[in-house]
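Next come the chains, spelled out residue by residue.
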Amino acid sequence: MTVALYQAKAEFFRMLGHPVRIRVLELLQAGPTPVRALLADLDIEPSSLSQQLAVLRRSGIVTATREGSTVVYALAGGEVAELLRTARRILTGLLADRNLLLAELRGDDGGECADRPLSRSAGH
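Cut-offs applied
Residues numbered from 1 in each chain as written. Predicted model: local features only at pLDDT ≥ 70, side-chain atom pairs only at ≥ 80, totals over all residues. Heavy atoms only, no water. Helix = DSSP H or I, 4+ residues; strand = E, 2+ residues; numbered from the N terminus. Contact = heavy atoms within 4.5 Å. Polar contact = N/O pair within 3.5 Å; in protein donor to acceptor, adjacent residues only side chain to side chain. Pairing = 2+ DSSP bridges. Phe/Tyr/Trp six-rings, centres within 6.5 Å; stacked < 30°, edge-to-face > 60°. Buried < 20%, exposed > 50% of the residue type's maximum accessible area, 1.4 Å probe, protein only. Axes fitted to C-alpha atoms, helices over the stretch in contact; angles between N-to-C directions. Parallel < 35°, antiparallel > 145°, perpendicular 65-115°, else oblique. Left-handed = near helix turned anticlockwise from the far one by under 90°. Nonpolar A, V, L, I, M, F, W, Y, C, P; charged D, E, K, R; others polar. Core = buried A, V, L, I, M, F, W, Y, C linked by side-chain atoms within 4.5 Å.

Student: Could you give an account of the environment of E26, naming the residues involved and the relevant values?
Tutor: Considering the arrangement of structural elements, one finds E26 in helix 2 (residues 19–28). Setting aside residues no more than four positions away along its own chain, E26 makes contact with L84 and R88.

Spelled out as structure tokens, the structure:
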């Protein structure tokens, strides 16, 4: 692969790397959604939502259509929804592994009480 291709991939993931954009994409998985409904679900300023929607629209991930005075957004294709489902599975696995380690750590107190902070001996 060329450097330009890696750069394009990095830009794509950077574009996804914003909590509001990810939440918008998740909401749009349910189908085309008017801006007012997105605003109600996101509880952010209209200007902030507009800015994030513009980024998604420019990237080609979402489409916008006007229905009278209402603008309705939709995912541009099913691949985005599949990417979000895949990311959720990966994240679920990562968090499950961390929870297992945390449970092991809490269960293995090494002779110390798990609820008591470690104390240092006078010579250490």
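Resuming the write-up.
Student: Kindly report on the environment of R21, identifying the contributing residues and their values.
Tutor: One can find R21 in helix 2. Sequence separation of R21 and L56 is 35 residues, and the distance between their C-alpha atoms is 7.3 Å. Ignoring anything within four residues of it in the chain, the contact list for R21 reads R14, M15, Q52, V55 and L56. Within the local environment of R21, its side chain forms a polar contact with the backbone oxygen of M15, the two atoms lying 2.6 Å apart.

Student: Account for the sheet that holds strand 2 (residues 62–67), naming residues and giving values.
Tutor: One open sheet holds the three strands; their spatial order is 1-3-2, and the pairing between them is antiparallel. The open sheet has two edge strands with one neighbour each: strand 1 (33–34) and strand 2. Direction of pairing for strand 2 relative to strand 3 (residues 70–75): antiparallel, over a ladder of six bridges. Bridging across to strand 3, A64 finds its partner in Y73.

Student: Tell me about the pairing of strand 3, and please be specific about residues and values.
Tutor: The pairing of strand 1 with strand 3 spans two bridges and is classified as antiparallel. Looking at the pairing, P34 lines up with V72 of strand 3. If you look at the hairpin formed by strand 2 and strand 3, you'll find two residues sitting between the two strands, and G68 has a positive phi there, around 70°.

Student: Mind laying out the packing of aromatic side chains, listing which residues take part and the relevant values?
Tutor: Under the counting rule described, the total for this entry stands at one aromatic pair. An angle of 75° between the planes, with centres 5.3 Å apart, marks the rings of F12 and F13 as edge-to-face. Judged by relative accessible area, which is 30%, F12 ranks as partly exposed. Residue classification places F13 among the exposed residues on the basis of a relative accessible area of 52%.

Student: Describe the packing of helix 3 (residues 35–42) against helix 4 (residues 46–59), naming the residues involved and giving the relevant values.
Tutor: Axis separation between helix 3 and helix 4 bottoms out at 11 Å; the angle between their running directions is 115°. Compared by their axis directions, helix 3 and helix 4 come out roughly perpendicular. Once helix 3 is placed against helix 4, the crossing between them reads as right-handed. In this structure, helix 3 uses V35, L38, L39 and L42 to contact helix 4, whose residues at the interface are P46, L49 and L53. The residue inventory of the contact of helix 3 with helix 4, partitioned by class, reads seven nonpolar, no polar and no charged.

Student: If you had to explain the nonpolar core to someone new, which residues and values would you point to?
Tutor: Of all hydrophobic cores here, the largest spans 19 residues; its most connected members are V24, L25, L38 and V62. The set of elements that each furnish at least two residues to this core consists of helix 1 (3–16), helix 2, helix 3, helix 4, strand 3 and helix 5 (78–107). Sorting elements by how many residues they give to this core places helix 2 first, with five residues. Apart from residues lying up to four places away in sequence, V62 is in contact with L25, L28, L53, L56, R57, Y73, A74, L75 and A76.

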